[in-house]
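# Analysis of the macromolecular model
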Amino acid sequence: MNREVRTRFAPSPTGYMHIGNLRTALYEYLIAKSSSGKFILRIEDTDQERYVEGATDIIYTTLKQTGLLHDEGPDIGGDYGPYIQSERKDTYLPYAIELVNKDAAYYCFCTKDRLESVKAESSQVVTGYDRHCRDLSREEIEANLKAGTPYVIRQKMPLSGKTCYHDVVYGAVEIENAELEDQILLKSDGMPTYNFANVIDDHLMNITHVVRGNEYLSSTPKYNLLYNAFGWDIPTYIHLPLVMKDAHNKLSKRNGDASFQDLLEQGYLTEAIVNYIALLGWSPRDNQEFFTLSELIDNFYIEGFSKSPSIFDKVKLTWMNGEYLRKMNPEEYFSRALPFLKEAVKTPGIDLKKIASLVQGRADTFKDIAPLIDFIDELPEYDTELFCHKKMKTDRENSLDNLKVALYVLKNVSSSDWTEAVLHDKLIELAGNLGVKNGQIMWPIRTALSGKDVTPGGAIEILYLLGKDESLARIETGIDML
């Protein structure tokens, strides 16, 4: 009988959601949902020294924003709670004692000073525990326990042979047992180590698939020895190559690389981020690049994971984000761009919806909007060389002449008639009357209004946006400069 697929995302509450963490959550979610299984959230907070206030809320918020909705977790409950490890503290000691009784673990009474001394005296670059307490007699152990001597419980690793297991990405993995340290399972304060707690919790929560970084490839034999000691089923392992910043450096918040929250603040869409991250280590069967979350579920297959490290290419993400923005319904675009529009334009009375329509096809992220329209609040300093445009056949002399006549025409347009349609007709009529190309009227006006050689929208749109008084004042400035 096939077991229900159950995956778990088990982050530590230590800060923002890193891209690698979000990728793990996404893959865990896709593995579960593509098999009609369950996606579990478990908070692994056994390392209290690294705990960051508010980090758990960030995890909840990120999963909600990305649509990776969990079926069980600390905030919604479930049949296998509690889902916060610190609240499961009393769960682990009996299992550690069981391992001691099975001769798969042992009490270690070594003091911190002794362990540091062993490390200092070792001539090896990498030192592990010297197994000093591994073969204590029953009498020594009972005497220490009776005296209340602090202890940890360590896993008793085999000293010879090999431990082999299968990984979905890397295939057969084999580790010499002699390389495995007698790791601590239960700390002196009664809290489990990560390595112990995740095995116990995964078993008790019926987790079938475990996704994690490939840095855990060499640790997995330790986990499997625990599973075997208890006689439990071993989950399916998917170890992922790192997400790299470039060919030599891994992506790291510590190195200033963006977290998911940073990317949102930089104007990227959640949908684009999730879509892009899905392809960092997984390939669809065809060449499709754009997926909704539901399409990822429909197209996901576990054999699509890659062994090769993935490069987080901000340029590619930006391109993909721009494609998402350009395909967006104008109403939705305006709604989602509005906070960035309000941040970029402080002048009251400006038609922000009009601006949104002008920048939607030009901005690859919402943060790109501000530099495109920074001239609206304040005319920047500019060189009159901008009035000279070879294609438009404009120079300083004819720009000055055409601005003067355009100013006269525009002054005679009433504020109530200051619409794009009226402005267009008046200026096109002016060009016809002067016998010049439309560009010889429009280019000088646009330049005088914006002080830029590239703008979203042309002279008509900018005239409308700025309104009559500001437009006339800027044209007069341009005339004075010329």
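We now turn to the structure provided with this report. (Residues numbered from 1 in each chain as written. Predicted model: local features only at pLDDT ≥ 70, side-chain atom pairs only at ≥ 80, totals over all residues. Heavy atoms only, no water.)

### Considering the packing of aromatic side chains
Overall, the coordinates contain 21 aromatic pairs when judged by the stated rule. Ring centres of Y107 and Y151 lie 5.0 Å apart, and the angle between their planes is 85 degrees; on these two criteria the pair is classed as edge-to-face. Here Y107 is found in strand 3 (residues 105–108), whereas its partner Y151 is found in the loop between helix 5 (138–146) and strand 4 (152–155), with 44 residues between them in sequence. Given a relative accessible area of 13%, Y107 falls into the buried group. Centroid distance Y276 to F312: 5.6 Å. Interplanar angle 75 degrees. Geometry classified as edge-to-face. Of this pair, Y276 sits in helix 9 (residues 270–278) while F312 sits in the loop between strand 11 (310–311) and helix 11 (314–327), and the two are 36 residues apart along the sequence. Classification of F312 by relative accessible area gives buried; the value is 10%. One aromatic cluster is present, formed by Y27, W282, F291, F300, Y301 and F305 through successive ring pairs. Taking the ring centre of Y129 as reference, the NZ or CZ of R154 above it sits at 3.7 Å. (Phe/Tyr/Trp six-rings, centres within 6.5 Å; stacked < 30°, edge-to-face > 60°. Helix = DSSP H or I, 4+ residues; strand = E, 2+ residues; numbered from the N terminus. Buried < 20%, exposed > 50% of the residue type's maximum accessible area, 1.4 Å probe, protein only. Lys NZ or Arg CZ within 6 Å of the ring centre and 35° of its normal.)

### Focus: the sheet that holds strand 7 (residues 184–186)
Neighbouring strands of a sheet are bound in pairs by backbone hydrogen bonds; such pairs are parallel or else antiparallel. Taken in spatial order, the three strands make up an open sheet running 3-4-7, and their pairing is antiparallel. Two strands bound the open sheet, and with one partner strand each, they are strand 3 and strand 7. Between one strand axis and the next, the sheet turns by 40 degrees as a mean value, whatever way the strands run. Here two bridges tie strand 4 to strand 7, and the two strands are oriented antiparallel to one another. Residue I153 lies in a different strand from strand 7, and its bridge partner there is L186. (Pairing = 2+ DSSP bridges. Axes fitted to C-alpha atoms, helices over the stretch in contact; angles between N-to-C directions.)

### A look at the pairing of strand 3
Along strand 3, one buried face is formed by A105 and Y107 and the opposite face, lined by Y106 and C108, is buried too. Relative to strand 4, strand 3 runs antiparallel, the two being bridged by four bridges. Within strand 4, the position partnered with C108 by the bridge is V152.

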